[in-house]
Structures are given as structure tokens and as C-alpha cells.
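So you can see what is in the structure, the chains are spelled out below.
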Amino acid sequence: MGITRRESKIKRIRNSDRSLDYILEVPEKLSAVLSIKSEIGLKLKEAYDKENKEVLKSIKNKEIPTIIKRVEDLRKAHRKQWLHMHKPFGWEVIDIRYGGLLTRLDTAIYRLNDYIEGRVESIEELEEERLYFNEGVENSTGLGWCSYYYRIASPNVFFHVLPIY
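Residues numbered from 1 in each chain as written. Predicted model: local features only at pLDDT ≥ 70, side-chain atom pairs only at ≥ 80, totals over all residues. Heavy atoms only, no water.

### Description of the pattern of salt bridges
Pairing between side chains becomes possible if they bear opposite charge and their charged atoms approach one another. By the definition in use, this model includes 8 salt bridges. Salt-bridge contacts for K69 lead to D73; the nearest nitrogen and oxygen are separated by 2.8 Å. On the criterion of helical spacing, the pair formed by K69 and D73 is a turn pair, its members being 4 residues apart in helix α3 (residues 53-85). In this structure D73 comes out as partly exposed when scored by relative accessible area, which is 24%. When the shortest N-O distance is used, the salt bridge between D114 and R119 registers 2.8 Å. (Salt bridge = Lys/Arg side-chain N within 4 Å of Asp/Glu carboxyl O. Helix = DSSP H or I, 4+ residues; strand = E, 2+ residues; numbered from the N terminus. Buried < 20%, exposed > 50% of the residue type's maximum accessible area, 1.4 Å probe, protein only.)

### Focus on the packing of aromatic side chains
With the rule as written, the count across this model stands at 3 aromatic pairs. Consider the rings of Y48 and Y115, whose centres lie 5.1 Å apart with planes at 50 degrees: the pair is tilted. Of the two residues, Y48 sits in helix α2 (residues 25-49) while Y115 sits in helix α4 (residues 91-116), which places them 67 residues apart along the sequence. Among the residues examined, Y115 registers a relative accessible area of 7% and is labelled buried. Between W82 and W91, the aromatic rings sit 5.7 Å apart at their centres with planes inclined by 55 degrees, giving tilted as the arrangement. Under the relative-accessibility criterion, W82 is labelled buried at 18%. Its relative accessible area of 6% is what places W91 among the buried residues. Grouped by ring-pair contacts, the aromatic residues W82, W91 and Y98 constitute a single cluster. Sitting over the face of the ring of Y115, K53 holds its NZ or CZ atom 4.7 Å from the ring centroid. (Phe/Tyr/Trp six-rings, centres within 6.5 Å; stacked < 30°, edge-to-face > 60°. Lys NZ or Arg CZ within 6 Å of the ring centre and 35° of its normal.)

### Some thoughts on the nonpolar core
Residues L56, V71 and L112 are the most contacted members of the largest nonpolar core, which totals 26 residues. Looking at this core, the elements with two or more residues in it are α2, α3 and α4. Broken down by element, the residue count for this core peaks at 9 residues, all from α3. When near neighbours in sequence (up to four residues on either side) are disregarded, L112 contacts L44, L56, I59, K60, I64 and I123. (Core = buried A, V, L, I, M, F, W, Y, C linked by side-chain atoms within 4.5 Å. Contact = heavy atoms within 4.5 Å.)

### A closer look at α2
The end-to-end C-alpha distance of α2, which contains 25 residues, comes to 37 Å, matching closely the 36 Å that a straight helix rising 1.5 Å per residue would cover. The axis of α2 is deflected most strongly, by about 45 degrees, at I40. Among the residues of α2, V26, E28, S31, A32, V33, I36, I40, L44, K45, A47 and Y48 are the ones counted as buried. For α2, the elements touching its buried residues are α1 (5-13), α3, α4 and α5 (124-127). Looking one or two places after α2, you find E51, whose phi comes out positive at around 55 degrees. (Expected span 1.5 Å × (residues − 1). Bend = angle between axes of the 7 residues up to and from the residue.)

What follows is the structure, given as C-alpha cells:
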């Protein structure tokens, strides 16, 4: 969980004497987050399926707290950059998204702890079959594909689609 290749590359090209150097702080912090977060779900699912509680403990005690710390660092750098470049309006939406990510990570620790300590027999979220968002995406390079936050962060997709009478 050290410095990633991308993070290291960004650090090397940064120069605090340049007026726009601050712009590179956000991608540097983002690469630090994604270096762990991008694969944590795969690692978590594999350890869970193998009933490897030692790996699950390591994820709970080391990796997720590291992600939380890195997300907090990213959020602070992003906020600083936003307020330097933009008016404050709109930041509240980004704040809510960071808050959602941080609380989901906290819940992941909570759920793992319940399982590891034997308070629950299974983690239902990890029992479910993994489904692709789009048909054919498993053969995709990932380029040009995204999902929409409003669809992920909603308890019901139909709420955004159907009118309320």
C-alpha cells in the first residue's frame, strides 16, 4: 500500500514554484485512493468465498482504513482546489458524494467485523452473484463506459424516472 506508479509519476513532475502546480494535487491523491480501492472489492469477494478470515481481517483493519485516510486527503485537496478555482456553489453535492463513500467504507468495516466475530453467519452482499451493469461489458476495455451516480446512489431507480402522483 505504498506509492503507486501513477502517484509517483505525478509527484516527480510536480513543482511548487509553478503557479498551476496545485492542480496536480487532486490527481495525485486520487491515484493513491484508486491504487487500493479499484481492486478491494475483488480481493474482498475472493477472501469471503474462500472463508479466509485472516485476509478479511487485514482488509478490515488495514486496507479499508487506509482507503478512508486517502479519501479524506483527496476530499481536502479537492475542496481546496474547488474553492480556489470556483465559487463555493455546487461543492455541497461533491461533499455529499465523499460523505457517502466514507460512510459506505465505515459500513464495510462494520459488516466485516460482524462476520469475523461471528455475530452474523454470512454477509448477504457478498453472497449475491456479481452481475455486469451492461451486457457485453465483460469483454470491454472499459473505455467510454461509465455509470451514473444518481442511479447508484438511489434506493430505487424508478424514483428518478417515474412521476410521483
